[in-house]
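# An overview of the molecular structure
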4 protein chains.
Amino acid sequence: MAGSSFGTIFRITTWGESHGPALGVVVDGCPAGLSLCEEDFLPMMNRRRPNGGAMSTKRNEADAVEILSGTFEGKTTGTPISLLIRNTDQHSKDYGNLASVYRPGHADFGFSTKYGIRDYRGGGRSSGRETAARVAAGVIAEKILQELGVTFSTVVTSIGGHPFEEAGDYVAACRAEGDSCGSEVVCTVSGMPAGIGDPVFEKLDANLAKAIMSIGAVKALDIGDGRDVVKMKGSENNDAFRMNGDTPETVTNHCGGILGGMSTGGDIVLRVSFKPTPSISSSQQTVSADGEDTEIAIHGRHDPVIGPRAAVVVEAMTAIVLLDSLLLNMPARLSSVTEFYNA
Amino acid sequence: MAGSSFGTIFRITTWGESHGPALGVVVDGCPAGLSLCEEDFLPMMNRRRPNGGAMSTKRNEADAVEILSGTFEGKTTGTPISLLIRNTDQHSKDYGNLASVYRPGHADFGFSTKYGIRDYRGGGRSSGRETAARVAAGVIAEKILQELGVTFSTVVTSIGGHPFEEAGDYVAACRAEGDSCGSEVVCTVSGMPAGIGDPVFEKLDANLAKAIMSIGAVKALDIGDGRDVVKMKGSENNDAFRMNGDTPETVTNHCGGILGGMSTGGDIVLRVSFKPTPSISSSQQTVSADGEDTEIAIHGRHDPVIGPRAAVVVEAMTAIVLLDSLLLNMPARLSSVTEFYNA
Amino acid sequence: MAGSSFGTIFRITTWGESHGPALGVVVDGCPAGLSLCEEDFLPMMNRRRPNGGAMSTKRNEADAVEILSGTFEGKTTGTPISLLIRNTDQHSKDYGNLASVYRPGHADFGFSTKYGIRDYRGGGRSSGRETAARVAAGVIAEKILQELGVTFSTVVTSIGGHPFEEAGDYVAACRAEGDSCGSEVVCTVSGMPAGIGDPVFEKLDANLAKAIMSIGAVKALDIGDGRDVVKMKGSENNDAFRMNGDTPETVTNHCGGILGGMSTGGDIVLRVSFKPTPSISSSQQTVSADGEDTEIAIHGRHDPVIGPRAAVVVEAMTAIVLLDSLLLNMPARLSSVTEFYNA
Amino acid sequence: MAGSSFGTIFRITTWGESHGPALGVVVDGCPAGLSLCEEDFLPMMNRRRPNGGAMSTKRNEADAVEILSGTFEGKTTGTPISLLIRNTDQHSKDYGNLASVYRPGHADFGFSTKYGIRDYRGGGRSSGRETAARVAAGVIAEKILQELGVTFSTVVTSIGGHPFEEAGDYVAACRAEGDSCGSEVVCTVSGMPAGIGDPVFEKLDANLAKAIMSIGAVKALDIGDGRDVVKMKGSENNDAFRMNGDTPETVTNHCGGILGGMSTGGDIVLRVSFKPTPSISSSQQTVSADGEDTEIAIHGRHDPVIGPRAAVVVEAMTAIVLLDSLLLNMPARLSSVTEFYNA
């Protein structure tokens, strides 16, 4: 099926494999009149790039984003924006031994079972590189959100249970053992207007959940207090309302900024759990495509932990959902529609 | 926006408020030839009904499901199946005092902010009653899944941190205090074929996440080991493959039956965290629609804990996602398409 | 597949067969705050009803529309509006002889081939009765369009090549011969703002074409000069622009109010060709479900010509497309979005 | 809104302007296992290219299609296929005088009104060049359809009312006068299985109508006898069924291969009316973006008639609709689903 598009009015369509000539994204439905140039992509794309430190891969792509369509004289025109990112630092031969073996923790077996054919080079379509296209699209979404006063703070809060700042030795030890470690990312969004999202299937948290869970290696999502609500009482978990000037606000934010599928105006708080990188160099039991039990040790260039580079992907997907929800919300009231067209 | 439909090929559209004459669902895209009668709905609908015990509301709807279209001589015809559930036990006058106050933990403020108008009787569209329509649709999905050998086990695993079997006193105490408590539901699906779901945005877990998070009061979703992966190493979290006869299988199931967005053939395991019922009778701070600080104590008939009645809703939404994914998967290979049409 | 929904933001989902207990439509995404009561449906529903004259069937349904959800105190709330229309005047036994024969010009053969099962009573889902649900939905769309100054004029322009006013004898003669006749409907929409519709696949005329061609028995659609453009030169067909006060307008309207997929602000003109009613009482060659050549003469209650009752269906589907396009257009410019949220 | 995607399971997303660096299309949902290389695109792309004769523009793009993703070792993998076509022969300076004037018969006024900004070079997104991307996508659809025995014959049947073969002098005369002429294209599809398409909004002809009407300059679509049915009687228009061996067939094909929204197994016949090229060199009245009446004579390189180059675009869009409908049809029967998964 067509599974590479996301969003309704602001819709992105990504394409590309890890080891093809390029990957990219078509951003369709972007409102016209936004200033946009290729330099705008650098800060977020750089957050996704390996930083050369102990926590990241040695593969290092420039990840320059080329704008092929959708802008004119430095502004978006309302037509689809095609963004291209070239692959330049592939080592395809690293993957030759993966052609006939299913890596544990990876999509390999699923791909072969579903499609009967598999581009095994670097994970193909399931590579983390696919997220470069998401981040590029997220840049555009965030630029618009900024004009609406919506801002993001996205941090790695835990690596293997250790606070990010204290996790360096832990990661180094994992890597030395040929192993990898899990991580947690928290994304906090401020300035979101209240009343955004829909009450039933298109709840704001439902769309965020799909967006976040569509990122490879995510295994859990918590909104606000998340899983902790199981042990709470209603009197603890409910957020009291008080007036702040003319605006109702929640005094606490256990709900993570969303009630009944709609934003409260408070901070939206998402907690995302990433599994350990499945590519590890220590030996693992697995099976071959020919149906034989075998073992595998995965060499090549892999991050030992996913969260640090994936944090910006969480932010990008969040931005895409929030923007689409804001655009979809505009005709919610008849008075808004009549005012728009009769003005 | 149109936010009351879910699914692509097998698509449901729910409608109805808590205190209107009826609610219902249109199930469109159901394959033709399925035996279906009104009695088929009873078992699952009964699981959603209050059982009269300490854990449930006193409101008791028969929840009989009427089939208005889409079947002929006891079988589905491929046309939309319209299901109607009448509301018969409303106490609308219980809600008169809610017209001008926003209940903490509820969608009231969101509704007023978004739409400028709100059906305040019993939560209106955001009432738990809306889930009756989901369950009715889930019955149809499960009937088809059964023919494919896919089965469900859905249980309440925790209430307020206590195992379900030991939680009776805890719930009673909460209720006596005018309070409510959180709960956790685990849904396990067996027999799902491998390779179902798509590699990028239409990942099986992404669609499950949207489906589950669209259920009111859900604040977290864990797939497989879920949040626990943060503290795991790759060597612990990866599930080794071994051949079971001709079929590759994972020896463990940390991944919860989904890798890279596609099913592994192992059990799919979803852990769902429900917040405490927000309607509590003890006094809470809130604001009025007129913008004044005030207090509210919510009387009326409310479940003190959501999980026991919502477990079947989790199962229904899961079934709907799985069936839709199975149907969407059929043309994944060209050889399947040519075989289908050239046979 | 799920094929009974239409629209993106303003989306309708119809259900129901000719000879079931009822049919209906769920109208989702209707802006909140529209006055709506059951009487509002009468005028358009009456235009679709047989008038008892020579041009219409003897089956006569009251077609009262019941509102089951989505309004509160006489206004829409933004939640799905479920509309129910009961079937009360069925003569199912008229159709017993159709169980095993495919009627020429009908969907019978397609249904059996596709689904392997068929509700043969009165055409089942393919009955003209399905359009009652479309008209009910169109009432809501038109009510909103009226508030935006968009108005409709829909007329039968031809029956069997004769002007509508002069066709009475022709229709009577067809009927006497056990035959039926074709017809043409023209729908003209005034007051549509300019710039509505999208430049590529979501062209306004593309969506209108889908909507109109989805009405049973339609075999051609012309926009503006339509098929006549084949014989025209560019200098004849192009509509010159001139200023009318501050507003550019086309001096002529060969284009039928749409250029490049977007409205010009001029009248939108759709010309719709309906085939003759396929149910005729004279004998026809056909085949049985058992694969035998046979003959059939279709008795029962049928309109001898489709256009007079279908004109309002054309109008309803047009209204639904135009409203959806207007709602989708609101976030086209960044300045509209920032103004909406920063106001 | 996002208006550059078309299709449900087999979905294309086009992007690109006439005078940007490139244009392209992402083909998502293509079944895995199809042989595909860049040479496969040449024949259909060449049919769309100007042939250097009297009927076509002097702009001549190589229209080589580059495959950037979605294939591996010469076969499709089920992942999105990104196709790139570079623009190499632009004369952007030809269009400088169009920056401030709305060309009659073009989308210019619509673009400015909708978006407040317009890429005026060569029509920008509304250029006929956009159709190169559609044809590239159509190549893939047709390759699959060929494996199912579905074949196409698409011809220009009329130019300005003259048969194509006799129209040379007419076109030359139009051109000499600084004028252009209309044209008609007929696309006939053979080998389509019966029962494809859905009975209500997703009728096969409804989706074809949207697809065809989304091609620039199309003003009318006739299915089968099309507009002529208005003058026909039911006894003439109905196609009798007779058995052909084991298969019911229509003896005639007035219906154009579609009844009740589903294919009959007979030839699908679409008649498409193209308006004259709106870009003409003789002087026309129009208005400027500043709101002044003015005149314009459009120079540059334009086809004097659209049909000859657009015929392959009609065929491509038809192929895309038919393939998507075939894929969507696979799960129509429960027995097909159970056979697929239980085999």
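Let us look at the structure shown here. Not measured: the values here are computed from a predicted model.

## Things to note about the overall build of chain A
A count of helical and extended segments in chain A gives 8 helices and 17 strands. A globule of 343 residues ought to have a C-alpha radius of gyration of about 20 Å, and chain A, at 21 Å, matches this closely. With respect to the three principal axes, the spread of C-alpha positions in chain A is 65 × 55 × 35 Å. Intrachain contacts of chain A at a sequence separation of at least 6 include 72% that bridge at least 24 residues. In the form shown here, chain A has an accessible surface area of approximately 10100 Å², with 47% of it arising from carbon and sulfur atoms. Placing the 30 positive and 41 negative side-chain charges of chain A at their respective mean positions leaves the two points 3 Å apart.

## Remarks on the packing of aromatic side chains
Counted by the stated rule, this structure contains 24 aromatic pairs over all chains. Consider the rings of A:Phe340 and A:Tyr341, whose centres lie 4.9 Å apart with planes at 75°: the pair is edge-to-face. For A:Phe340, a relative accessible area of 30% gives the class partly exposed. Among the aromatic residues, those joined into a cluster by ring pairs are A:Tyr102, A:Phe109 and B:Phe241. The ring of A:Tyr115 carries A:Lys114 above its face, with NZ or CZ at 5.7 Å from the centroid.

## Overview of the relation of the copies chain C and chain B
You can overlay chain C on chain B at an RMSD of 0.0 Å; the transform is a turn of 180° with a shift of 0.0 Å along its axis. Between the two chains, the operation in question is that of a two-fold axis. Closest approach to the rotation axis within chain C is made by the C-alpha atom of C:Thr13, at a distance of 3.9 Å.

## Comments concerning the packing of helix 5 (residues 204-213) of chain A against helix 5 (residues 204-213) of chain B
For any two helices packed against each other, one specifies the crossing angle of their axes together with the interaxial distance. Close contact between helix 5 of chain A and helix 5 of chain B brings their axes to 7 Å; oriented N to C, the two are set at 160°. In terms of orientation, helix 5 of chain A and helix 5 of chain B fall into the roughly antiparallel class. Handedness of the crossing formed by helix 5 of chain A with helix 5 of chain B: right-handed. Counted together, A:Asp205, A:Ala206, A:Asn207, A:Ala209, A:Lys210 and A:Met213 of helix 5 of chain A and B:Asp205, B:Ala206, B:Asn207, B:Ala209, B:Lys210 and B:Met213 of helix 5 of chain B form the full contact between these two elements. Taken together, the residues of the contact of helix 5 of chain A with helix 5 of chain B break down into 6 nonpolar, 2 polar and 4 charged.

## A closer look at the interface of chain C and chain B
Counting residues at the interface gives 40 residues for chain C and 40 residues for chain B. For the pair chain C and chain B, the summed buried surface comes to about 3200 Å²; carbon and sulfur atoms form 65% of the total. Linking chain C with chain B are 12 residue pairs in polar contact (both at pLDDT 80 or more), by the criterion used here. Among the elements of the structure, strand 2 (11-15), strand 3 (22-28), strand 6 (75-76), strand 7 (81-86) and helix 2 (108-115) of chain C are those that each provide at least two residues to the side of chain C that touches chain B. For the side of chain C that touches chain B, the leading source of residues is strand 2 of chain C, giving 4 residues. Classifying every residue of the side of chain C that touches chain B by side-chain character gives 16 nonpolar, 15 polar and 9 charged.

## A few points about the relation of the copies chain D and chain C
The two chain copies are connected by a rotation around an axis plus a translation along it. The transform that puts chain D on chain C rotates by 180° and translates by 0.0 Å along the axis, for an RMSD of 0.0 Å. A shared interface surface links the copies, since 100% of the contact residues of chain D are contact residues in chain C too.

## Re the sheet that holds strand 8 (residues 151-159) of chain A
Reading across from one edge, 8(A)-9(A)-15(A)-10(A)-10(B)-15(B)-9(B)-8(B) is the order of the 8 strands in this open sheet, with antiparallel pairing throughout. Here the strands that pair on one side only, and so sit at the sheet edges, are strand 8 of chain A together with strand 8 (151-159) of chain B. Recorded for the sheet is a direction-independent mean angle of 20° between the axes of neighbouring strands. Where strand 10 (residues 218-223) of chain B meets strand 15 (residues 268-274) of chain B, 5 bridges bridge the pair, whose relative direction is antiparallel. Within strand 15 of chain B, the residue paired with B:Ala220 across the bridge is B:Ser273. This element, helix 7 (residues 307-329) of chain B, spans strand 8, strand 9 (183-190) and strand 15 of chain B of the sheet and lies at about 145° to strand 8 of chain B.

## Thoughts on the sheet that holds strand 8 (residues 151-159) of chain C
One open sheet accounts for 8 strands, arranged 8(C)-9(C)-15(C)-10(C)-10(D)-15(D)-9(D)-8(D); its pairing is antiparallel. Because the sheet does not close on itself, it has two edges, and the strands there are strand 8 of chain C together with strand 8 (151-159) of chain D. Each strand axis lies, on average, 20° off the axis of its neighbour in the sheet, ignoring direction.

## Details of the interface of chain D and chain C
Contacts between the two partners involve 109 residues from chain D, matched on the other side by 109 residues from chain C. For the chain D and chain C pair, buried surface summed over both sides reaches about 8900 Å², with 59% attributable to carbon and sulfur atoms. Area buried by chain D at its contact with chain C is led by D:Phe201, D:Lys219 and D:Arg227, which between them contribute 10% of it. The interface formed by chain D and chain C holds 12 salt bridges in total.

## Some points on the environment of A:Pro193
Following the sequence through the fold, A:Pro193 ends up in the loop between strand 9 (183-190) and helix 5. Residues A:Pro193 and A:Val150, spaced 43 residues apart in sequence, show a C-alpha to C-alpha distance of 8.4 Å. Excluding its chain neighbours within four sequence positions, the residues that come into contact with A:Pro193 are A:Val150, A:Ser263, A:Gly265, A:Leu326 and C:Tyr341.

## Points about the environment of A:Pro199
Tracing the chain through its elements places A:Pro199 in the loop between strand 9 and helix 5. A residue is classified by how much of its surface remains accessible, and A:Pro199, at 7% relative accessible area, is buried. Separated by 63 residues in the primary sequence, A:Pro199 and A:Met262 have C-alpha atoms spaced 6.7 Å apart. Excluding residues that lie within four positions of it along the chain, A:Pro199 makes contacts with A:Gly260, A:Met262, B:Phe111, B:Tyr115 and B:Ser126.

## Thoughts on the side chain of C:Asn238
Along the polypeptide, C:Asn238 turns up in the loop between helix 6 (234-237) and strand 11 (241-244). According to the relative accessible area criterion, C:Asn238 is buried, its value standing at 8%. Only 2.9 Å separates the side chain of C:Asn238 from the backbone oxygen of D:Pro278, close enough to count as a polar contact. Within the structure, C:Asn238 has its side chain in polar contact with the side chain of D:Gln284 (distance 2.7 Å). The residues contacting C:Asn238, other than those within four sequence positions of it, are C:Thr252, C:His254, D:Pro104, D:Gly105, D:Pro278, D:Ile280 and D:Gln284.

## Quick notes on the pattern of salt bridges
Counted under the stated rule, the structure contains 68 salt bridges over all chains. Ionic pairing is found between C:Asp63 and C:Arg129, a salt bridge with its closest N-O pair at 3.1 Å. Here the residue C:Asp63 occupies a position in the loop between helix 1 (42-48) and strand 4 (65-67), and C:Arg129 occupies one in the loop between helix 2 and helix 3 (130-147), the gap between them amounting to 66 residues. C:Arg129 carries the same exposure label as C:Asp63, and that label is buried. Here D:Lys210 makes a salt bridge to C:Glu202, at a shortest N to O gap of 3.0 Å.

## Brief notes about unusual backbone geometry
All names here are of chain A. Here Glu 73, not a glycine, exhibits a phi torsion of approximately 50°, which is positive. By the element assignment, Glu 73 lies in the loop between strand 5 (71-72) and strand 6 (75-76). In this structure Glu 73 comes out as exposed when scored by relative accessible area, which is 64%. The backbone phi angle of Ala 217 is positive, close to 80°, even though this residue is not glycine. Secondary-structure assignment places Ala 217 in the loop between helix 5 and strand 10 (218-223). We classify Ala 217 as buried; its relative accessible area is 17%.

## What to know about the pairing of strand 17 (residues 293-296) of chain A
Residue and element names in this part refer to chain A. Where strand 16 (residues 284-287) lies against strand 17, 4 bridges are found, and the strand directions are antiparallel. Across the sheet, residue Gln 285 finds its bridge partner in strand 17, namely Glu 295. Joining the antiparallel neighbours strand 16 and strand 17 is a turn of 5 residues, in which Gly 291 adopts a positive phi near 85°.

## Examining the packing of helix 3 of chain C against helix 7 (residues 307-329) of chain C
Residue and element names in this part refer to chain C. Closest axis-to-axis distance for the helix 3/helix 7 pair is 8 Å, and the angle between their directions is 50°. On the basis of the axis angle, helix 3 is oblique to helix 7. The element helix 3 and its partner helix 7 pack so that their crossing is left-handed. Contacts from Thr 131, Arg 134, Val 135, Ala 137, Gly 138, Ala 141, Glu 142, Ile 144 and Leu 145 of helix 3 reach helix 7 at Val 312, Val 313, Glu 315, Ala 316, Met 317, Ala 319, Ile 320, Leu 322, Leu 323 and Leu 326. Residue composition of the contact of helix 3 with helix 7, by class: 14 nonpolar, 2 polar and 3 charged.

About the cut-offs
Residues numbered from 1 in each chain as written. Chains lettered and ligands numbered in written order. Predicted model: local features only at pLDDT ≥ 70, side-chain atom pairs only at ≥ 80, totals over all residues. Heavy atoms only, no water. Helix = DSSP H or I, 4+ residues; strand = E, 2+ residues; numbered from the N terminus. Rg over C-alpha atoms; globule rule 2.2 N^0.38 Å. Contact = heavy atoms within 4.5 Å. Areas by Shrake-Rupley, 256 points an atom, 1.4 Å probe, with all protein chains shown as cover. Lys, Arg positive; Asp, Glu negative; His and termini not counted. Charge placed at Lys NZ, Arg CZ, Asp CG, Glu CD. Phe/Tyr/Trp six-rings, centres within 6.5 Å; stacked < 30°, edge-to-face > 60°. Buried < 20%, exposed > 50% of the residue type's maximum accessible area, 1.4 Å probe, protein only. Lys NZ or Arg CZ within 6 Å of the ring centre and 35° of its normal. Least-squares fit on C-alpha atoms with pLDDT ≥ 70 in both. Axes fitted to C-alpha atoms, helices over the stretch in contact; angles between N-to-C directions. Parallel < 35°, antiparallel > 145°, perpendicular 65-115°, else oblique. Left-handed = near helix turned anticlockwise from the far one by under 90°. Nonpolar A, V, L, I, M, F, W, Y, C, P; charged D, E, K, R; others polar. Buried area = accessible area lost by both parts, 1.4 Å probe. Polar contact = N/O pair within 3.5 Å; in protein donor to acceptor, adjacent residues only side chain to side chain. Pairing = 2+ DSSP bridges. Salt bridge = Lys/Arg side-chain N within 4 Å of Asp/Glu carboxyl O.

Honestly, that's just the spatial picture; any functional story needs more than this.
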